[in-house]
Amino acid sequence: ELFAFFACGSALSTNGTYDPTNASPVYKLNSKTGMFDKIQSIPTYGAFDMEMFEAGGAAYLGVVDATVGTKLFTWDSTTGQFGDVQWVSTDIQGREIEHFAVGGDD
């Protein structure tokens, strides 16, 4: 399966808040049409990076949001969407997520 993600953030408003309706869209390639279909919107305020990776046979999506930290989602083939797994306490000024493996293990 092929996905496309777009990390979207909003600028601070004049009163110092972020737009609570802002979201980062998730698209999945439709094999019949060859086009990407929007399958989900993940609420984000200041998203800078999104990365998908696999570990232990599961697919994960990490979202770095500079206003609230980093959230991890997992692919749920039953619902066809990414669901919340874990909020990771990171510096709220985080800008990037990377995954890595040591010794060939995922």
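Scroll up a little and you will see the structure.
Residues numbered from 1 in each chain as written. Predicted model: local features only at pLDDT ≥ 70, side-chain atom pairs only at ≥ 80, totals over all residues. Heavy atoms only, no water.

J.: Go over the overall build of the protein chain with me, naming the residues and quoting the values.
T.: Looking only at helices and strands, one finds zero helices and seven strands in the protein chain. Relative to its full complement of 106 residues, the protein chain shows a buried share of 28%. A separation threshold of at least 6 residues defines the contact pool for the protein chain, and within that pool the share at least 24 residues apart is 36%. (Helix = DSSP H or I, 4+ residues; strand = E, 2+ residues; numbered from the N terminus. Buried < 20%, exposed > 50% of the residue type's maximum accessible area, 1.4 Å probe, protein only. Contact = heavy atoms within 4.5 Å.)

J.: I'd like a description of the side chain of S24, backed by residues and values.
T.: Structurally, S24 is set in strand β2 (residues 23-29). A relative accessible area of 0% means that S24 is categorised as buried. Within the structure, S24 has its side chain in polar contact with the side chain of T44 (distance 2.8 Å). Once you skip the residues sitting within four places of it in the chain, S24 turns out to touch F6, A7, C8, Q40, S41, I42, T44, A47 and M50. (Polar contact = N/O pair within 3.5 Å; in protein donor to acceptor, adjacent residues only side chain to side chain.)

J.: Go over the pairing of strand β6 (residues 69-76), please, and point to the residues and values.
T.: Pairing analysis gives six bridges linking strand β5 (residues 58-65) to β6, with the strands arranged antiparallel. Of the residues in β6, the one forming a bridge with L61 is F73. Between β5 and β6, which pair antiparallel one after the other, the connecting turn spans three residues. Where β6 meets strand β7 (residues 81-88), seven bridges bridge the pair, whose relative direction is antiparallel. Its bridge partner lying in β7, T70 is registered against V88. The antiparallel pairing of β6 with β7 creates a hairpin that spans four residues between the two strands, and G80 there sits at a positive phi of about 70 degrees. (Pairing = 2+ DSSP bridges.)

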